[in-house]
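What the coordinates show
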Amino acid sequence: GATIAMDANGNAFVAWSQCDDGLQSYQCNSNVWARRYDAASATWSPPTLIEQDTASSVYGGPISIAVGRNGDATVGWAEGNNTGTTGWRTNVWAAHYTAATGVWGTDTLAENDNTVDMSAPQVVVDGAGNSLMVWTRTIPTTPYNYTIRTDVMASRYDAATGTWGTPVLLEN
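Note that the coordinates shown come from a computational prediction; the quantities given were computed from them, not determined experimentally. (Residues numbered from 1 in each chain as written. Predicted model: local features only at pLDDT ≥ 70, side-chain atom pairs only at ≥ 80, totals over all residues. Heavy atoms only, no water.)

**Brief notes about the overall build of the protein**
Threshold: Secondary structure is summarised from DSSP: a helix means a run of H or I of at least four residues, a strand means a run of E of at least two, and numbering begins at the N terminus for each. Exposure categories follow from relative accessible area, calculated using a 1.4 Å probe and restricted to protein chains: below 20% of the type maximum is buried, above 50% is exposed, and the middle band is partly exposed. In this description, contact between two residues means that some pair of their heavy atoms is separated by no more than 4.5 Å. Under the convention used here, a 1.4 Å probe and the Shrake-Rupley method define accessible areas, while residue burial counts only the protein chains that appear.
Along the protein, the regular secondary structure elements total zero helices and 16 strands. Counting the 172 residues in the protein, one finds 41% classified as buried. Sequence separation of 24 or more characterises 42% of the internal contacts of the protein that already satisfy a separation of 6 or more. Working note: accessible area of the protein is about 9,000 Å², and carbon and sulfur atoms make up 53% of it.

Dropping the structure here:
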């Protein structure tokens, strides 16, 4: 599905996952794309592929987008990949748009725990372009994944350094 967010000046961003390999099925290699609407010119930018890991697939969960007062935007999504040693795992990724340059940065893994699954990221952006993202971490507590525990995790993107901080467990 698609998601949309707008800044105070009427500029908007839309992001969506799209099947880019033509399979149109559960085997589809879907990727994250985005467009920006410029309110002053009433035009849309061309579609931009903001997910660089085209070998994996965007998880069927929601994509989240937020825009700050300064026009910076962040998109968060869950992406599945075969890690090789632990099998199929879902991680949380993000891409940041800097309004001052008009460029999407390289997509970044917001956490690096390949032992459990992450899902349902939600992002917010402050007036300086810093972002906060929260997501759910799912941990099997019994063999064969019959019982699971879920945790709420968070990480902060620092616009000045262009980096995500260490994920923090929000629950006790």
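**A look at the pairing of strand 14 (residues 148–158)**
Rule in force here: Criterion used throughout: strands pair if DSSP finds at least two bridges between them.
Two strands pair when backbone bridges link them, and strand 13 (residues 131–140) and strand 14 are joined in this way by 10 bridges, in the antiparallel orientation. Bridge pairing links Pro140 to Ile148 in strand 14. Note: strand 14 against strand 15 (residues 163–164), two bridges, orientation antiparallel. Of the residues in strand 15, the one forming a bridge with Tyr157 is Trp164. What sits between the antiparallel neighbours strand 14 and strand 15 is a turn of four residues, in which Gly162 has the positive phi angle 70°.

**Description of the nonpolar core**
As a reminder of what qualifies: As used here, the term nonpolar core means buried Ala, Val, Leu, Ile, Met, Phe, Trp, Tyr and Cys residues forming a set that is joined through side-chain atoms within 4.5 Å.
One finds Phe13, Ile50, Val75, Trp77 and Trp104 to be the most contacted residues of the largest nonpolar core, which totals 16 residues. Listing elements by their share of this core, those giving two or more residues are strand 2 (12–19), strand 3 (30–38), strand 7 (64–67), strand 8 (73–82) and strand 9 (88–98). If we ignore the near neighbours within four places in the chain, the residues touching Phe13 are Thr3, Ile4, Ala5, Arg35, Arg36, Ile65, Val67, Gly71, Ala73, Tyr97 and Trp104. By size, the runner-up hydrophobic cluster in this structure holds 14 residues, among which are Ala94, Met118, Val123 and Met153.

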